[in-house]
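Coordinate inspection notes
Letter by letter, the chains look like this.
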Amino acid sequence: MTDPVIDTDATAPPTPEPAAPDRVTRTPVTPGQAAPGQEPPVAVIDAPVIDVHAHAMPMPVLRWLADRGLADLSRTDDNIVVLDPRISGVGPGAPLPLARSMHDPAERLWEMDNAGVDMGLVSLPPFLFATTCDDPALVAEVVRRGNDALADYCATAPERLRPLGAVPLGWPGAADEARRCLDELGFAGIAIGSRGGGRDLDASVNDPLWSLLSERRTFTFLHPSGVPDPDRLGDFWFPQLVGYPMETAIATARLAFGGVLERTPLVLCLAHGGGCLGDLRGRLDMGWERKRVAHTTSVPPSQLFDRLYYDTAVFAPEALRHLVDTVGAGQVLLGTDHPFDLAEKDPVGFVRSADLGASAEASILGRTAAGLLGGLLSPAMSVRA
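Residues numbered from 1 in each chain as written. Predicted model: local features only at pLDDT ≥ 70, side-chain atom pairs only at ≥ 80, totals over all residues. Heavy atoms only, no water.

With that settled, consider the confidence of the model for the protein chain. Summary statistics for the protein chain give a mean pLDDT of 88 and a share of 85% for residues scoring 70 or more. A low-confidence stretch, residues 1-44 stays under pLDDT 50, and its non-local contacts, those more than four residues away or across chains, total 97 contacts. (pLDDT = per-residue confidence, 0-100. Contact = heavy atoms within 4.5 Å.)

Here we come to helix α7 (residues 238-257). The end-to-end C-alpha distance of α7 is 27 Å, a good match for the 28 Å that 20 residues give at a rise of 1.5 Å each. Within α7, the axis deviates most sharply at Tyr-244, by approximately 35°, and proline Pro-245 lies no more than four positions further along. Of all the positions in α7, only Pro-239, Gly-243, Tyr-244, Pro-245, Glu-247, Thr-248, Ala-249, Ala-251, Thr-252, Ala-253, Leu-255 and Ala-256 are classed as buried. Trailing α7 by a residue or two, Gly-259 shows a phi angle of about 85°, which is positive. (Helix = DSSP H or I, 4+ residues; strand = E, 2+ residues; numbered from the N terminus. Expected span 1.5 Å × (residues − 1). Bend = angle between axes of the 7 residues up to and from the residue. Buried < 20%, exposed > 50% of the residue type's maximum accessible area, 1.4 Å probe, protein only.)

Moving on to empty space enclosed by the protein. Enumeration according to the criterion identifies one cavity of 30 Å³ or more in this entry. Considering only enclosed or pocket space, the largest cavity measures out at about 70 Å³ in volume. If you trace the largest cavity, you find 13 residues lining it, with Phe-129, Thr-131, Val-167, Leu-169 and Arg-195 closest to the centre. (1 Å grid on protein atoms, 1.4 Å probe; cavity = no way out; pocket = protein on both sides within 12 Å on 5 of 7 lines; lining within 4 Å. Points joined across faces, edges and corners; volume = space filled by probe spheres on them.)

Along the chain, the position of Ala-343 falls in the loop between β13 (332-333) and α12 (347-353). The contacts of Ala-343, once residues within four sequence positions are left out, are Phe-315, Thr-336, Asp-337 and His-338.

The next subject is the pattern of salt bridges. Close approach of charged atoms lets side chains of opposite charge pair. In the structure shown here, the tally under the stated rule is 17 salt bridges. Taking the shortest distance from any N to any O, the salt bridge between Asp-183 and Arg-216 comes out at 2.6 Å. Of this pair, Asp-183 sits in helix α5 (residues 174-183) while Arg-216 sits in helix α6 (residues 207-216); the two residues are 33 residues apart in sequence, bridging distant segments of the chain. Judged by relative accessible area, Arg-216 falls into the partly exposed class, the value being 38%. A salt bridge links Asp-200 to Arg-254; the shortest N-O distance between them is 3.6 Å. With Asp-200 in strand β9 (residues 199-200) and Arg-254 in helix α7, this residue pair connects regions lying 54 residues apart in the sequence. (Salt bridge = Lys/Arg side-chain N within 4 Å of Asp/Glu carboxyl O.)

This brings us to the sheet that holds strand β12 (residues 309-311). Read across the open sheet, the eight strands follow the order β1-β5-β6-β7-β10-β11-β12-β13; overall the sheet is parallel. In this open sheet, the two strands that pair with only one neighbour each are β1 (50-55) and β13. Two strands pair when backbone bridges link them, and strand β5 (residues 119-123) and strand β6 (residues 161-165) are joined in this way by four bridges, in the parallel orientation. Following the sheet pairing, Gly-120 is matched in β6 by Leu-161. Running over the sheet, helix α4 (residues 136-155) touches β5 and β6 and is turned about 170° from β6. (Pairing = 2+ DSSP bridges. Axes fitted to C-alpha atoms, helices over the stretch in contact; angles between N-to-C directions.)

So, on to the nonpolar core. Counting residues in each nonpolar core, the largest one holds 91 residues, and the members touching the most others are Leu-65, Leu-209 and Trp-210. Broken down by element, the residue count for this core peaks at nine residues, all from α4. If sequence neighbours within four positions are ignored, Leu-209 has contacts with Val-167, Leu-169, Ala-174, Ala-175, Ala-178 and Ile-192. (Core = buried A, V, L, I, M, F, W, Y, C linked by side-chain atoms within 4.5 Å.)

Here the focus is the packing of helix α1 (residues 59-67) against α4. Two numbers describe a pair of packed helices, the interaxial angle and the distance between the axes. Contact pair α1 / α4: the axes reach a minimum separation of 8 Å and the direction vectors enclose 150°. Along the contact surface, α1 presents Pro-60, Val-61, Trp-64 and Leu-65, while α4 presents Glu-141, Val-142, Arg-145, Gly-146 and Ala-149. When the residues that make up the contact of α1 with α4 are grouped by side-chain class, the tally is six nonpolar, one polar and two charged. (Nonpolar A, V, L, I, M, F, W, Y, C, P; charged D, E, K, R; others polar.)

Reading across the sheet, the three strands line up as β2-β3-β4 and stay open at both edges, with antiparallel pairing between neighbours. Either end of the sheet is taken by a strand with one partner, and the two such strands are β2 (71-72) and β4 (95-97). Looking at chain direction, β2 and strand β3 (residues 80-83) are connected through two bridges and run antiparallel. Among the inter-strand pairings, Asp-72 is bridged to a residue of β3, identified as Val-82.

Inspection of the secondary structure puts Leu-62 in helix α1. Residue classification places Leu-62 among the buried positions, given a relative accessible area of 0%. When the C-alpha atoms of Leu-62 and Gly-146 are compared, they prove to be 8.6 Å apart, with 84 residues separating the residues in sequence. If sequence neighbours within four positions are ignored, Leu-62 has contacts with Met-57, Ala-71, Leu-73, Leu-83, Leu-98 and Leu-128.

Here α5 lies mainly inside the structure; seven of its 10 residues are buried. Within the sequence span of α5, burial applies to Ala-174, Ala-175, Glu-177, Ala-178, Arg-180, Cys-181 and Leu-182. Packing partners of the buried residues in α5 comprise α4, β6, β7 (189-192) and α6.

What follows is about the pairing of β7. With burial as the criterion, each face of β7 is covered, one bearing Gly-189 and Ala-191 and the other bearing Ile-190 and Ile-192. Sheet topology places β6 next to β7; two bridges connect them, and they run parallel. Within the sheet, the bridge partner assigned to Gly-165 lies in β7 and is Ile-190. Between the parallel pair β6 and β7, the chain is carried across by α5, and the sense of this crossover is right-handed. (Right-handed = clockwise from strand over helix to strand, strands pointing away.)

Quick look at the structure:
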């Protein structure tokens, strides 16, 4: 696979004193425009701006991997890390972007302030899911250490950074690690990949995980952790540009047709606006209606998809309008993919550029997410009546 070209330009702006506002009081600004500590013009809505799709690669877990020969940290000054394919799921030697804010929470807070984001739900990226690893003990150890490091990273600003725990998907024990994240580490939710251990999401080994998350109404974020045809996607950054949206659609369709979504009403949010899923709804419903082998649920798959949540990382106002027209503004949550280079730099401005109306904007920017998080928000970050 051809190595992707990575922009390694980085700045090191000063870090303002972190503060947790009791409501949204920021309008979007061009990143880098507002000086640290200088508040942009205000535009009040009734909830904090909450980004449900943000990533971190804390240095303690990277150093642990390096100590075991599973990571090369020699290029971190250039904002690059190289991980063993058993961990990353990508080709050997592939340089992966490591923005400073991936491991420096103070830098992240500055970037959040500049983008008008009050709270971020932070998850490990799929490069640390060990999705393709066939050693269950190694997968469990990587995930456990990643969660511990993520807990420490977010603990530096608990009112603004809330972690989503990873699990050894596709292996026995995934539910146990989810329970540890929720009960012992106090995580806000769980982040899952699109497959694990060579198994798809509807494999029976994952049933205890779905039962736990469904019973607790745990916020769960699905991020693609592989691509459907790597041999065809090695060039032009296609794994992310094309493969990820396809992978999300495949994984979610399996959850639907495999009966998981009907048996366990998960509080599930799909990355990248659900990828290709939105444009497949009619075709999947037709298959459910006309093909006996696809008639596996009591309701058409589109009705199951209507219960899910979708982030705003679609990068075109018309795409966001289409998503809202399809599932409703109440099912759409702000998501940036921060701090990867394929991230939305001005998330609040992007939502407003879709011209959805004030009520829909407020729901998307944070009101719905705040309701889903419920008691996990501090009083200072809770929704105002």
